[in-house]
Amino acid sequence: MSTPTALIVDDEPDIRELLEITLGRMGLDTRSAANLSAARELIDSEDFDLCLTDMRLPDGDGIELVRHIGATRPAMPVAVITAHGNMETAISALKAGAFDFIAKPVDLGNLRQLISAALKLEQRPAPSEADSGSRNASADAERPMLLGNSETIERVRETIVKLGRSQAPVFISGESGTGKELAAQLIHAHGPRAAGPFIAVNSGAIPPDLVESELFGHVKGSFTGATQDKKGLFQSAEGGTLFLDEVADLPRAMQVKLLRAIQERRIRPVGGAHEIPVDIRLISATHKDLAGLVETGQFRQDLYYRLHVIELSMPPLRQHADDIPLLAEHFLIRIARNNGLEKPVIDKKAMQRLRRYAYPGNVRELENILERASALCEAGCITTADLMLPADTPASDPAEPHGDIPLEDYLADIERQRILTALEATRWNRTAAARQLGLSFRALRYRLAKLGIEKTEIDD
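About the criteria used
Residues numbered from 1 in each chain as written. Predicted model: local features only at pLDDT ≥ 70, side-chain atom pairs only at ≥ 80, totals over all residues. Heavy atoms only, no water. Axes fitted to C-alpha atoms, helices over the stretch in contact; angles between N-to-C directions. Helix = DSSP H or I, 4+ residues; strand = E, 2+ residues; numbered from the N terminus. Parallel < 35°, antiparallel > 145°, perpendicular 65-115°, else oblique. Left-handed = near helix turned anticlockwise from the far one by under 90°. Contact = heavy atoms within 4.5 Å. Nonpolar A, V, L, I, M, F, W, Y, C, P; charged D, E, K, R; others polar. Buried < 20%, exposed > 50% of the residue type's maximum accessible area, 1.4 Å probe, protein only. Pairing = 2+ DSSP bridges.

With that settled, consider the packing of helix α14 (residues 324-339) against helix α16 (residues 362-376). Running from N to C, α14 and α16 cross one another at 50°; their axes reach a closest spacing of 10 Å. As far as their axial angle goes, α16 and α14 are oblique. Of the two possible hands of crossing, α14 and α16 adopt the one that is right-handed. When α14 is examined against α16, the residues I324, L327, A328, F331, L332, R334 and I335 are found in contact with a partner set consisting of V363, L366, E367, L370, E371 and S374. Residues belonging to the contact of α14 with α16 are distributed by class as follows: nine nonpolar, one polar and three charged.

This is the structure we're talking about:
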């Protein structure tokens, strides 16, 4: 394997020398440029494995170079050096396509981590179709995949591969059940941190007084019940990716501390005397309108901009209904395998019914419907009756009544679907589901009894 090469762009000779020495000790060959025009000439005439550029150059700025590299050498990772505390500049660089950033004065430990990650990315093979999400449902029903042949899903897959090549924070939006955690897993798998841990946490399912301890850890004796030191999820995700689902549910006081952790890349455990550096990639998600929550003052605007560097929108199932047969086949294979049974088939009318349904709970709801139908069907064939779906609603507008359905029954169906979606999103944690629905726990319990919704494994 040839020696990796790096281009260093900085107009300060001392900084260039420091970077050359550091990268040289890591086994890299380096070339240097003192301005934007010289850097462009080198990039256009030579091959480099990565580029490290200062933001402020005599004849331009680093973002111009980031864009030039993105247009001419899109596979080359480029990182920028920013002034200390200037997160706005760093975010601008990430949005322009920079792999990562590092602040002055340069911390050599952080620099080595950045360079190692960039080289891992450069050495990763091009993703195959199987990496992006196999179109063959029976290829591996257990492997995380983004299934679908529709143009909508193809675009999402292409975006995921691109996002994997960056270290920028990603915000994943979409309705409950659209596969936001799956998308986060695939972004992680396509990046240089793929060998590191992927840690997912539902922010809305953690009691507010325990959120800080769960994320940052605590030291023994810091509060009642803290009988020993405990690592938080930030530390557990070291070298990998931390996925914060339902980030909109974080308490306001915790939003301030999360903002600092993102900016400084350091955390302080509850009761701890010192901050701890952390090396993670942060991906967040929510099904709520986060921008709307910013406008109403329920979510901090500065944190919103730190999380919302790049957005990936996961489409609802009704926008790619052509993928339902493929998804259904995939789920039935997995359900049969998990239960040690033969995979059932879906008759023609049942499949037509599945394709007409609006899916307020999206892909997750489709899986639950098929799991129930697999248990109810006879002779290995799923019929329309086995699906137990509510009365037809047009896929384009699930809230519009259809047919001669009594109003009370129709409204009960809508309420049942909304509650089931919230329960499924919180893994049947009634306390978290009530919070998501804007209900008191007592009110939710009343509605569960009224609608006959039961589940023995509910975890309060």
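There's plenty left to go through after this.
This paragraph deals with the pairing of strand β15 (residues 281-286). Of all six residues making up β15, six are buried, and the element is well covered by its neighbours. A two-sided burial pattern is seen for β15, the buried positions comprising R281, I283 and A285 on one face and L282, S284 and T286 on the other. Pairing geometry for strand β8 (residues 170-173) and β15, over four bridges, is parallel. When the sheet's bridge partners are listed, I172 is paired in β15 with A285. Direction of pairing for strand β12 (residues 241-245) relative to β15: parallel, over a ladder of four bridges. Bridge pairing in β15 links L244 to S284.

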